[in-house]
Amino acid sequence: MWGQVCARVLRRGVRSVRAVRGDSGMVTSEYAMGLIAAVGFAGLLYKVVTSGQVRAALQAVVEKALDVQF
């Protein structure tokens with residue numbers, strides 16, 4: 001009994017939110033564009049991190065951290 005009441009209230013709440021929002025989620029083309037943007041950003045980040053200057057700076061930070069006396 002109590003479970004049925006909770007389920008009914010939950011369904012009504014979901015319906016009202018969907019009616020107000022008018023959009024039930026992203027469509028496939030939006031997912032595709034988001035994925036393309038994420039892959040592009042990952043590629044750019046990879047190129048920056050593997051560049052000579054950044055690689056040397058990261059190596060210097062790691063070496064300095066390993067040389068710390070405890």
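Residues numbered from 1 in each chain as written. Predicted model: local features only at pLDDT ≥ 70, side-chain atom pairs only at ≥ 80, totals over all residues. Heavy atoms only, no water.

Undergrad: Honestly, the overall build of the chain in this entry has me stumped. Any pointers?
TA: When helices and strands are counted, the chain shows three helices and zero strands. Counting from the amino terminus, helix and strand elements in the chain follow one another as α-α-α. Here the chain holds 70 residues, and 0% of them are scored as buried. Carbon and sulfur atoms form 67% of the exposed surface of the chain, whose accessible area is close to 6,600 Å². (Helix = DSSP H or I, 4+ residues; strand = E, 2+ residues; numbered from the N terminus. Buried < 20%, exposed > 50% of the residue type's maximum accessible area, 1.4 Å probe, protein only. Areas by Shrake-Rupley, 256 points an atom, 1.4 Å probe, with all protein chains shown as cover.)

Undergrad: Quick question: what am I supposed to make of the confidence of the model for the chain here?
TA: Across the chain, pLDDT averages 79, with 66% of residues at or above 70. For the chain, helix 1 (residues 2-21) is the element with the lowest average pLDDT, namely 61, and helix 2 (residues 28-49) is the one with the highest, namely 91. (pLDDT = per-residue confidence, 0-100.)

Undergrad: Looking at this structure, how should I read the environment of valine 49?
TA: For valine 49, the position within the fold is in helix 2. Valine 49 gets classed as partly exposed once you look at its relative accessible area, which sits at 36%. Residues within four places of valine 49 in sequence aside, it is in contact with Val54, Arg55 and Leu58. (Contact = heavy atoms within 4.5 Å.)

Undergrad: Whenever I open this one, a nonpolar patch on the surface confuses me. Can you help?
TA: The grouping of Phe41, Leu44, Leu45, Val48, Val49 and Leu58 at the surface amounts to a nonpolar patch, some 550 Å² of accessible area in total. In terms of residue count, helix 2 provides more of the nonpolar patch than any other element does, five residues in total. Positionally, valine 48 belongs in helix 2. Accessibility expressed as a relative area gives 41% for valine 48, which makes it partly exposed. (Patch = residues over 30% accessible without salt bridge, like charges linked within 9 Å, V, L, I, M, F, W, Y side chains within 5 Å. Salt bridge = Lys/Arg side-chain N within 4 Å of Asp/Glu carboxyl O.)

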